[in-house]
Amino acid sequence: MIKKILTDILGYLIRYVYALVSGIGSEPKYVSYLAISIIVATIIYNILLIPVTKSQVKSQEKMKKIQPELKEIQKKFKNQPELLNHKIQELYKKHDYKMSAGCLPMLAMWPIMLAFWWVMREPGKYIFSDPAMYATIQKNFFWIKDLGLADPYLYGMPLINAALQFITMKLMMPPSDSNEKNPMATMIYVFPLIIFISAKGIPAGAFLYWMTSNIVNTIIRLLLQKKLSSEEKNEEDRFEINH
């Protein structure tokens, strides 16, 4: 049921974008309309995901603020593990900080990644509803001749995506003291490795989505961080003027 909903929505979105871009002009030699459609659909998806990303960025900024208190608690109760954990949870509750918020964007991306994998395995079925039509269109993206197939080079899309995923997860991970256990710390290294190792079984079109999503999500995060920092500074300035 979930698979059908995701693939139907994604297939319709790519089909709609494809119809728009294919009517603009002649198709570029190295980047097919299909590749452009995947990139545009991914940008649209990340824009729709901005509220989730904003929530994660806010959570990260909260962690930066409570770092001094957190370090003080860790120093004070370092020999009392149970009490330390209790005090940390109290601190998080006091500042309405949730560590799980740091994982939300990644978790939100994963179902779409699977949907892209399903769609690109059978694009004639999910995107164009006609395998014969899909067989006649261009499917290339630079060195990749067919986005429905895996990238023939491990140092191509797989390596690029693994590196980008590492960078993105580094930015997503809330700052923490080295003594504090962070559930995302291990995933920062494991997840990109899984992506790289499993590359041979993933259509290049899905990797194109993943690459575009990482780039767009990183840009959005940096802009949100700048905006939130500016809002915080303005709030502090107003407070000083009023007092």
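Before reading on, note that the structure itself is shown above.
Residues numbered from 1 in each chain as written. Predicted model: local features only at pLDDT ≥ 70, side-chain atom pairs only at ≥ 80, totals over all residues. Heavy atoms only, no water.

A. The arrangement of helix H3 (residues 50-76) in detail. Taking 1.5 Å of rise per residue, the 27 residues of H3 would be expected to cover 39 Å, and the 38 Å separating its terminal C-alpha atoms lies within 8% of that figure. Within the span of H3, buried status applies to Thr53, Gln56, Val57, Ser59, Gln60, Glu61, Met63, Ile66, Gln67, Leu70, Ile73 and Gln74. (Helix = DSSP H or I, 4+ residues; strand = E, 2+ residues; numbered from the N terminus. Expected span 1.5 Å × (residues − 1). Buried < 20%, exposed > 50% of the residue type's maximum accessible area, 1.4 Å probe, protein only.)

B. A look at the environment of Tyr92. Looking at the secondary structure, you find Tyr92 in helix H4 (residues 81-94). For Tyr92 and Leu70, which are 22 residues apart along the polypeptide, the C-alpha to C-alpha distance reads 9.2 Å.

C. Quick look at the nonpolar core. Leu34, Ile38 and Leu147 are the most contacted members of the largest nonpolar core, which totals 41 residues. Among the elements of the structure, helix H1 (2-21), helix H2 (33-48), helix H5 (104-121), helix H8 (157-172), helix H9 (183-197) and helix H10 (204-242) are those that each provide at least two residues to this core. Setting aside residues up to four positions removed in sequence, Ile38 forms contacts with Ile14, Phe116, Met120, Leu147, Gly205, Leu208 and Tyr209. Counting ten residues, the second largest nonpolar core, distinct from the first, contains Met63, Ile88, Tyr92 and Tyr97. (Core = buried A, V, L, I, M, F, W, Y, C linked by side-chain atoms within 4.5 Å. Contact = heavy atoms within 4.5 Å.)

D. Highlighting the pattern of salt bridges. Across all of its chains, the model carries five salt bridges by this definition. Residue Lys62 pairs with Asp96 through a salt bridge whose shortest N-O separation is 3.6 Å. Here Lys62 is found in helix H3, whereas its partner Asp96 is found in the loop between H4 and H5, with 34 residues between them in sequence. Taking relative accessible area as the criterion, Lys62 reaches 30% and is therefore assigned partly exposed. Across the salt bridge formed by Lys87 and Glu90, the nearest N and O atoms sit 4.0 Å from each other. Taken together, the residues span about one helical turn, with Lys87 and Glu90 both in helix H4 at a distance of three residues. Among the residues examined, Glu90 registers a relative accessible area of 40% and is labelled partly exposed. (Salt bridge = Lys/Arg side-chain N within 4 Å of Asp/Glu carboxyl O.)

Shape descriptors only; they carry no functional weight alone.
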